[in-house]
Amino acid sequence: MLAMALLLTGCQAKEVSQEIQEVKEEPKTKQTLDVNVIGVTEHTEDKWDELEDGKKLILLEVSITNNSTDDYEFNPNYLLLNINSQKESISDKIPKDTEVLNGGYIKPGETLKGYVSFEVMENITDYEVYYEDYGDNSFKVK
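**A closer look at the pattern of salt bridges**
For the coordinates displayed, the defined rule picks out six salt bridges. Between K142 and D34 there is a salt bridge; the shortest N-O distance is 3.2 Å. Here K142, found in the segment after β9 (138-140), pairs with D34, found in strand β1 (residues 33-43); they are 108 residues apart in sequence, far enough to count as distant. K142 gets classed as exposed once you look at its relative accessible area, which sits at 65%. A salt bridge links E42 to K56; the nearest nitrogen and oxygen atoms lie 3.0 Å apart. Highlighted residues: E42 in strand β1 and K56 in strand β2 (residues 55-66), separated in sequence by 14 residues.

So, in structure tokens, the structure goes:
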């Protein structure tokens, strides 16, 4: 009887193990957006001379590719700078001769490139870029 119970328990454990194995092998879904920082520069002046003393602009050149089969409504406010666990929004201040990355629709397979800036204290050197559209796309930018 003990041998029969051990045999049955072993079979059940094997079935559970196979179910767990199957769950682990689920295919990953493709991310609908590919967001990359192409370049980073820092500026202590903006084109309207409104930047306060002790502050600087971190200017990011960004590319956004729509990998989905649907149009994607992009908003530059979805880009955030994480500084000391605080997420900072983009600034309306921009260096001279720099075109702002505007929002709008990105067609499937299309890539949008442009600049966004963040106004931070001059001593800030450590930060991470995040993308959060309050939908399916929320991730750290490469």
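**Things to note about the sheet that holds strand β8 (residues 128-132)**
Spatially, β5-β4-β8-β9 is the arrangement adopted by the four strands of the open sheet, whose pairing is antiparallel. Edge positions in the sheet fall to β5 (86-88) and β9, since each has one partner strand and no second. Neighbour-to-neighbour, the strand axes of this sheet turn through a mean angle of 30°, independent of strand direction. As paired strands, β8 and β9 are joined by three bridges and run antiparallel to one another. Counterpart to Y130 in the pairing with β9 is K140.

**Let's talk about the sheet that holds strand β7 (residues 111-121)**
Taken together, the three strands give an open sheet; going across it, the order is β1-β2-β7, and neighbouring strands pair in antiparallel fashion. Edge positions in the sheet fall to β1 and β7, since each has one partner strand and no second. Neighbouring strand axes in the sheet, compared pairwise and without regard to direction, differ in orientation by 25° on average. Alignment of β1 against β2, held across ten bridges, turns out to be antiparallel. Paired with E42 across the bridge in β2 is I58.

**Examining the side chain of D133**
Among the structural elements, D133 can be located in the loop between β8 and β9. The side chain of D133 sits in the buried core without any salt bridge; K87 is the nearest counter-charge, 12 Å away. Setting aside residues up to four positions removed in sequence, D133 forms contacts with Y72 and Y78.

**Digging into the nonpolar core**
In this structure, V35, I64, F74, L79 and Y131 are the most contacted members of the largest nonpolar core, which totals 22 residues. Within the residue set of this core, elements represented by two or more residues are β1, β2, β3 (72-74), β4 (79-83), β7 and β8. By residue number, the principal contributor to this core is β2, which donates four residues. Other than its neighbours up to four places away in sequence, V35 contacts V62, S63, I64, L79, Y131, F139, V141 and K142.

The rules behind these values
Residues numbered from 1 in each chain as written. Predicted model: local features only at pLDDT ≥ 70, side-chain atom pairs only at ≥ 80, totals over all residues. Heavy atoms only, no water. Salt bridge = Lys/Arg side-chain N within 4 Å of Asp/Glu carboxyl O. Helix = DSSP H or I, 4+ residues; strand = E, 2+ residues; numbered from the N terminus. Buried < 20%, exposed > 50% of the residue type's maximum accessible area, 1.4 Å probe, protein only. Pairing = 2+ DSSP bridges. Axes fitted to C-alpha atoms, helices over the stretch in contact; angles between N-to-C directions. Lys, Arg positive; Asp, Glu negative; His and termini not counted. Contact = heavy atoms within 4.5 Å. Core = buried A, V, L, I, M, F, W, Y, C linked by side-chain atoms within 4.5 Å.

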